[in-house]
Amino acid sequence: MCSSRSDQQQAAALCRRRRKRRRRNPEVCEPLTRSSRLSSDIIRSCSSNMADIWQDAMDHAVATARRAGEVVREALQDDRKVMTKSSSVDLVTQTDQKVEQLIIQSVKEKFPTHSFIGEESVAAGEASVLTDHPTWIIDPIDGTTNFVHTFPFVAVCIGFSVNKQVEFGVVYSCLEDKMFSARRGKGAFCNGQPLQVSEQKDIKQSIIATEFGSSRDPEAVDKIFSSLRNILCIPVHGVRGAGSAAINMCLVASGCVEAYYEMGIHIWDVAASSLIVSEAGGVLMDVEGGEVDLMSRRIIAANSRAIAERLVKEIDSFSLPRDDAPPPPLKP
């Protein structure tokens, strides 16, 4: 909380005096007096209070994700009109679009100057560009194919980035009623309980999560199965997949699996859950090693650097068009 009004008035008066002195003689530095120390304390206190705007935004994200989850659950009781995007297995429903609009509209009412990257908005032609501006990164239904088939792993994902850094992430596994959340520097939680990655150090005693993605290009499929074969033959205890990148990453954060990797995901699939993994003590890495780039559409999320680096050795990687790549020119 900021200091009292009288203290603020003293600080304001002090600042005015200091500005006048600097204008008269800009090279003179005022000594640190009790009043200037008081001013510094007030500034630090008020700056801390200003930072709470992101907590306010996170609270709004949690509430909005829960509302969105109710829409998803209700839609499961109705006929689901299924459409396709990039391929016959890249599915979208009216519920995806309805939920994204619900989230964006709710956020715009409270934070009208903020920017958005939304899966369905990008599919409709909007740019996928991450800037320093406060940006909400939204996947209205991560696991649309699961949703279509009532396979019970479907998540509403809301990430929030400032200066190209994710500040908080919310993943609501709405059919399980599990609310995963994290705020930078403050830990990761599921339904209010702290999350911690597995302490398993031996990859041969590990479960690895992955997905096959929506690409059916034979060369990409060959590399996906080559990676799977290499990892299975380490050998590991097993390979699993929930059908949702966000939920797979939350399983890493929960200590249920030791790592997750995939090539072909998008920034809206992993922005929120990337912070949940990090705040639970995990690591993020590109599939070829090095720092992860959320726009690259490739990721490893693991409980430790050692497990991640071992996976790098086994993954037969390939590159995909970046999420922030300019759209292809229109055909004449």
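Residues numbered from 1 in each chain as written. Predicted model: local features only at pLDDT ≥ 70, side-chain atom pairs only at ≥ 80, totals over all residues. Heavy atoms only, no water.

**Structural notes on empty space enclosed by the protein**
Convention followed: Put plainly, a pocket is an open set of points on a 1 Å grid over the protein atoms alone with protein on both sides within 12 Å along at least five of seven lines, a cavity is a set where a 1.4 Å probe fits but cannot get out, and a lining residue has an atom within 4 Å of a point. Grid points are joined across faces, edges and corners, and a volume is the space filled by probe spheres set on the points. Note on residue classes: Ala, Val, Leu, Ile, Met, Phe, Trp, Tyr, Cys and Pro are nonpolar, Asp, Glu, Lys and Arg are charged, and everything else, Gly too, is polar.
In total, this model carries 1 cavity of 30 Å³ or more according to the counting rule given. As a volume, the largest cavity reaches approximately 30 Å³. Along the lines of polarity and charge, the residues of the lining of the largest cavity split into 3 nonpolar, 1 polar and 2 charged.

**As for the packing of helix 7 (residues 245-254) against helix 8 (residues 267-279)**
So the rule is basically this: Lines fitted to C-alpha atoms define the axes here, with helix axes fitted over just the stretch in contact, and angles between the N-to-C directions of these axes take values from 0 to 180 degrees. In this text, helices come from DSSP runs of H or I with a minimum length of four residues, and strands from runs of E with a minimum of two, each type numbered from the N-terminal end. An angle below 35 degrees is read as roughly parallel, one above 145 as roughly antiparallel, one from 65 to 115 as roughly perpendicular, and any other as oblique. Should any heavy atoms of two residues lie within 4.5 Å, those residues are considered in contact.
Relative orientation of the contacting elements helix 7 and helix 8 amounts to 5 degrees, with a least axis distance of 9 Å. Relative to helix 8, the element helix 7 lies roughly parallel. Here Ala245, Ala246, Met249, Cys250, Val252 and Ala253 of helix 7 come into contact with helix 8, specifically with Asp269, Val270, Ser273, Ser274, Ile276 and Val277.

**What about the packing of aromatic side chains?**
Filter applied, for reference: Side-chain rings of Phe, Tyr and Trp (the six-membered ring for Trp) are treated as a pair once their centres are within 6.5 Å; stacked means planes under 30 degrees apart, edge-to-face means over 60, and tilted covers the remaining angles. The buried label goes to any residue with under 20% of its type's maximum accessible area, the exposed label to any with over 50%, and the partly exposed label to all in between, with areas taken from a 1.4 Å probe on protein chains only. In this analysis the charged atom, NZ for Lys or CZ for Arg, is taken to sit over a ring once it is within 6 Å of the ring centre and within 35 degrees of the ring normal.
Tallied over the full model, the rule gives 7 aromatic pairs. Ring geometry for Phe151 versus Phe153: centroids 5.6 Å apart, planes at 65 degrees, classification edge-to-face. Phe153 sits in the partly exposed class, given a relative accessible area of 25%. Joined through ring pairs, the aromatic side chains of Trp54, Phe111, Trp136, Phe160 and Phe168 make up one cluster. Its guanidinium or amino end placed over the ring of Tyr172, Arg66 lies 5.2 Å from that ring's centre, counting from NZ or CZ.

**Side note on the nonpolar core**
Test applied: Think of a nonpolar core as a cluster: buried Ala, Val, Leu, Ile, Met, Phe, Trp, Tyr and Cys residues, connected wherever their side-chain atoms sit within 4.5 Å.
Counting residues in each nonpolar core, the largest one holds 39 residues, and the members touching the most others are Val171, Leu195, Tyr260, Ile267, Ile276 and Ile299. If we ignore the near neighbours within four places in the chain, the residues touching Val171 are Ala155, Val156, Cys157, Lys178, Met179, Phe180, Ala246, Cys250, Ala272, Ser273 and Ile276. Counting 30 residues, the second-largest nonpolar core is a separate cluster that includes Ala57, Ala61, Phe116 and Phe168.

**Some words on the sheet that holds strand 10 (residues 207-210)**
Short version of the rule: Note on pairing: DSSP must find at least two bridges between two strands before they are called paired.
If you trace the 5 strands from one edge of the open sheet to the other, you get 11-10-12-14-13, paired in mixed fashion. For this open sheet the edge positions go to strand 11 (238-240) and strand 13 (283-285), each flanked by a neighbour on one side alone. Put simply, the sheet's adjacent strands are angled 20 degrees from each other on average, direction ignored. Where strand 12 (residues 259-263) and strand 14 (residues 298-302) come together, 5 bridges link them in antiparallel fashion. Opposite Glu262, over in strand 14, you have Ile299 as the bridge partner. Against the sheet, helix 7 makes contact with strand 10, strand 12, strand 13 and strand 14, and its axis sits at roughly 155 degrees relative to strand 12, the strand it touches most.

**Topic: the confidence of the model for the protein chain**
Quick reminder of the rule: Looking at any residue, its pLDDT shows the predictor's confidence there, from 0 to 100.
A residue-level look at the protein chain finds 83% of positions with pLDDT of 70 or above and a mean pLDDT of 87. The low-confidence segment residues 1-9 (pLDDT under 50) makes 12 contacts with residues lying over four places distant or belonging to another chain. Under a pLDDT of 50 for its full length, residues 18-50 has, in the predicted model, 24 contacts with residues more than four places off or in other chains.

**Digging into helix 7**
A large share of helix 7 lies buried, amounting to 8 of its 10 residues. Within the sequence span of helix 7, burial applies to Ala245, Ala246, Ile247, Asn248, Met249, Cys250, Val252 and Ala253. One or two steps after helix 7, the chain reaches Gly255, where phi turns positive at roughly 85 degrees.

**Observations regarding helix 3 (residues 94-110)**
The criterion, for reference: By this rule the span expected of a helix is its residue count minus one, scaled by 1.5 Å. In the analysis that follows, any N or O atom pair within 3.5 Å is treated as a polar contact, provided that within protein one partner can donate a hydrogen and the other can accept it, and provided that, for residues neighboring in sequence, both atoms belong to side chains.
For helix 3, which comprises 17 residues, the first-to-last C-alpha distance of 25 Å matches the rise-based estimate of 24 Å (1.5 Å per residue) to within 8%. For helix 3, the set of buried residues is Thr95, Asp96, Val99, Glu100, Leu102, Ile103, Ile104, Ser106 and Val107. Capping the start of helix 3 is the job of one residue whose side-chain oxygen sits 3.2 Å from the backbone nitrogen of Thr95: Thr93.

**Structural notes on the sheet that holds strand 9 (residues 193-194)**
Strand order in the open sheet formed by 7 strands is 3-4-5-6-7-8-9, and the pairing between neighbours is mixed. Strand pairing shows two members of the sheet lacking a second neighbour, strand 3 (115-118) and strand 9, which therefore form its edges. When strand 5 (residues 155-162) meets strand 6 (residues 165-173), the two strands line up antiparallel, connected through 8 bridges. Across the sheet, Gly159 pairs through a bridge with Gly169, a residue of strand 6. Each of strand 3, strand 4 (135-142) and strand 5 is contacted by helix 3, which is oriented at about 155 degrees to strand 4, the strand it contacts most.

**Describing the layout of surface pockets**
Estimates place the volume of the second largest pocket at around 440 Å³. Forming the boundary of the second largest pocket are 19 residues, of which Lys164, Gln165, Val166, Val292 and Leu294 lie nearest the centre. Looking at the lining of the second largest pocket, the elements with two or more residues in it are strand 6 and helix 8. In terms of residues, the lining of the second largest pocket owes the most to one element, helix 8, which gives 4 residues. Residue composition of the lining of the second largest pocket, grouped by class: 10 nonpolar, 4 polar and 5 charged.

**Details of the pairing of strand 10**
Let me state the cut-off plainly: Orient the strands so they point away from the viewer; a crossover is then right-handed if the path from the first strand over the helix to the second runs clockwise.
Here 3 bridges tie strand 10 to strand 11, and the two strands are oriented parallel to one another. Considered in strand 11, the bridge of Ile207 is made with Gly238. Following the chain from strand 10 across helix 6 (residues 218-232) to the adjacent parallel strand 11, one finds a crossover that is right-handed. The pairing of strand 10 with strand 12 spans 3 bridges and is classified as parallel. Its bridge partner lying in strand 12, Ile208 is registered against Ala259.

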